[in-house]
Amino acid sequence: MPEARATIAAARRARDAATGHAELRVGYAEDLGTDLFTRAAAAVPPVHVVPVPMSSPEQLTALVEGRLDAGWAWEPELSAELASALVGREEAVIVLAADDPLADHAELDPTALSGRPLAVVPRSVNPWLHDRFVTGLRERGADVVATHEALRLDRLVPLVVSGVAFGITQRRSLAGGVPPGVVVRPLAGEPLLVEHRLVWRRDAPNALTRM
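What counts and what doesn't
- Residues numbered from 1 in each chain as written.
- Predicted model: local features only at pLDDT ≥ 70, side-chain atom pairs only at ≥ 80, totals over all residues.
- Heavy atoms only, no water.
- Helix = DSSP H or I, 4+ residues; strand = E, 2+ residues; numbered from the N terminus.
- Buried < 20%, exposed > 50% of the residue type's maximum accessible area, 1.4 Å probe, protein only.
- Polar contact = N/O pair within 3.5 Å; in protein donor to acceptor, adjacent residues only side chain to side chain.
- Pairing = 2+ DSSP bridges.
- Right-handed = clockwise from strand over helix to strand, strands pointing away.
- Salt bridge = Lys/Arg side-chain N within 4 Å of Asp/Glu carboxyl O.
- Arc of directions from axis to C-beta.
- Contact = heavy atoms within 4.5 Å.
- Phe/Tyr/Trp six-rings, centres within 6.5 Å; stacked < 30°, edge-to-face > 60°.
- Core = buried A, V, L, I, M, F, W, Y, C linked by side-chain atoms within 4.5 Å.
- Expected span 1.5 Å × (residues − 1).

Visitor: Hey, could you run me through the overall build of the chain in this one?
Guide: A tally of helices and strands in the chain yields five helices and nine strands. Across the 211 residues that make up the chain, the buried fraction comes to 48%.

The structure is reproduced here in structure tokens:
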């Protein structure tokens, strides 16, 4: 079935490329926002995009099986069938309760987080992003253990406010503002950056390059 889907999708892409009326199904991690789709709409000629929300690993599977034309994913780990282009890098930030003693610091020494429970994106949802956060903290001297998982900011904040854990997220997820009861602080020293990439099958049409 995956091979059949891929064959049908390839035929459809070839048809669309030939007629100049490409419609691209683009998966995206929901916390990435909308600017990639705004860019596609402004392309000349415009690229008609159908956004499909799904996790980063789900996007890669759907691409291989031909159910998506492209994906917009966090820290994707690519198979041989896929290619990618860097869209941007985001700084990781620490989310603390507003009354946390560390909240008085403008930036945080990573070692000050050692021994404290950490809430992070579930590994089952995005193992690459999860590992990037946890490994990045440890490389900077923070002896942390991921004791809690939270997929979205609205699920992370209650854990932080209640003092159960501190959180880590990418700054892009705070585009709507910092929720009440928490503060956001950057790490001192070398910033911890995470990538988001546009991913496609290597046999994709040239319309993708206009995004």
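From this point, the discussion proceeds with the structure in view.
Visitor: Honestly, the environment of A142 in this entry has me stumped. Any pointers?
Guide: Tracing the backbone shows A142 in the loop between α4 (127-139) and β6 (145-149). We classify A142 as buried; its relative accessible area is 1%. The spacing of A142 and G115 is 27 residues in sequence and 8.0 Å in space, taken between C-alpha atoms.

Visitor: Hey, could you run me through the side chain of E65 in this one?
Guide: Mapped onto the elements of the fold, E65 is located in the loop between α3 (56-64) and β3 (70-74). A distance of 2.9 Å separates the side chain of E65 from the side chain of R67, its partner in a polar contact.

Visitor: Just checking my understanding: could you explain the pairing of β6 for this structure?
Guide: Each regular strand displays side chains that alternate between the two surfaces of the sheet. Relative to β6, strand β5 (residues 117-120) is paired through four bridges, and the arrangement is parallel. Pairing of V120 across the sheet is with E149, part of β6. A crossover links β5 with its parallel partner β6, the connecting element being α4, and its sense is right-handed.

Visitor: Any chance you could explain the side chain of D69 here in plain terms?
Guide: Tracing the backbone shows D69 in the loop between α3 and β3. Here R25 takes part through its backbone nitrogen, which lies 2.8 Å from a polar atom of the side chain of D69.

Visitor: Can you walk me through the pattern of salt bridges in this structure?
Guide: Should their charged atoms come close, side chains of opposite charge can pair. Evaluated as defined, the whole model comprises 11 salt bridges. Across the salt bridge formed by R171 and E91, the nearest N and O atoms sit 3.4 Å from each other. Of this pair, R171 sits in the loop between β7 (166-170) and β8 (182-186) while E91 sits in strand β4 (residues 82-97); the two residues are 80 residues apart in sequence, bridging distant segments of the chain. A relative accessible area of 36% places R171 in the partly exposed class. Members of the salt-bridge network, linked through shared partners, are D35, E90 and R172.

Visitor: Before we go on, may I ask you to explain unusual backbone geometry in this structure?
Guide: Peptide bonds are, in most cases, trans, and in most cases residues other than glycine have a negative phi. Positive phi, close to 45°, is recorded for E75, a residue that is not glycine. In this structure, E75 sits in the loop between β3 and β4.

Visitor: Looking at this structure, how should I read helix α5 (residues 153-161)?
Guide: Structurally, the α-helix is built with 3.6 residues per turn, so residues lying three or four positions apart point the same way. Taken as a whole, α5 has its buried residues at L153, L156, V157, L159 and V160. Buried residues along α5 cover an arc of 165° about the axis, so they all sit on one side. Residues of α5 that are buried sit in contact with β4, β5, β6, β7 and β8. G163, located one to two residues past α5, shows a positive phi value of around 80°.

Visitor: What is the right way to read the packing of aromatic side chains from this model?
Guide: Two aromatic rings are characterised by how far apart their centres lie and by the angle between their planes. Enumeration over the complete set of coordinates arrives at two aromatic pairs. On the basis of an interplanar angle of 80° and a centroid distance of 5.2 Å, the ring pair of Y28 and F37 is categorised as edge-to-face. Across the pair, exposure class does not vary: Y28 and F37 are buried alike. Ring plane angle 80° and centroid distance 5.9 Å describe the contact between F37 and W72, whose orientation is recorded as edge-to-face. Taken together, the residues F37 in helix α2 (residues 35-41) and W72 in strand β3 connect sequence positions 35 residues apart.

Visitor: How should I be thinking about the nonpolar core in this particular structure?
Guide: In terms of nonpolar packing, the biggest core is built from 37 residues, with I94, L113, L118, F133, L137 and I168 touching the most fellow members. For this core, the secondary structure elements donating two or more residues are β1 (23-28), α2, β3, β4, β5, α4, β7 and β9 (193-201). At four residues, the largest contribution of residues to this core is made by α4. V93, A97, A119 and L156 belong to the second largest nonpolar core, which has 14 residues in total.

Visitor: Even after reading the chapter, I still don't get α4, so can you show me in this structure?
Guide: For α4, which comprises 13 residues, the first-to-last C-alpha distance of 18 Å matches the rise-based estimate of 18 Å (1.5 Å per residue) to within 8%. P127, W128, L129, H130, F133, V134, G136 and L137 are the residues of α4 that are buried. N-capping of α4 is provided by N126, with a side-chain oxygen placed 3.2 Å from the backbone N of W128. Immediately beyond the C-terminal end of α4, within one or two residues, lies G141, with a positive phi of roughly 95°.

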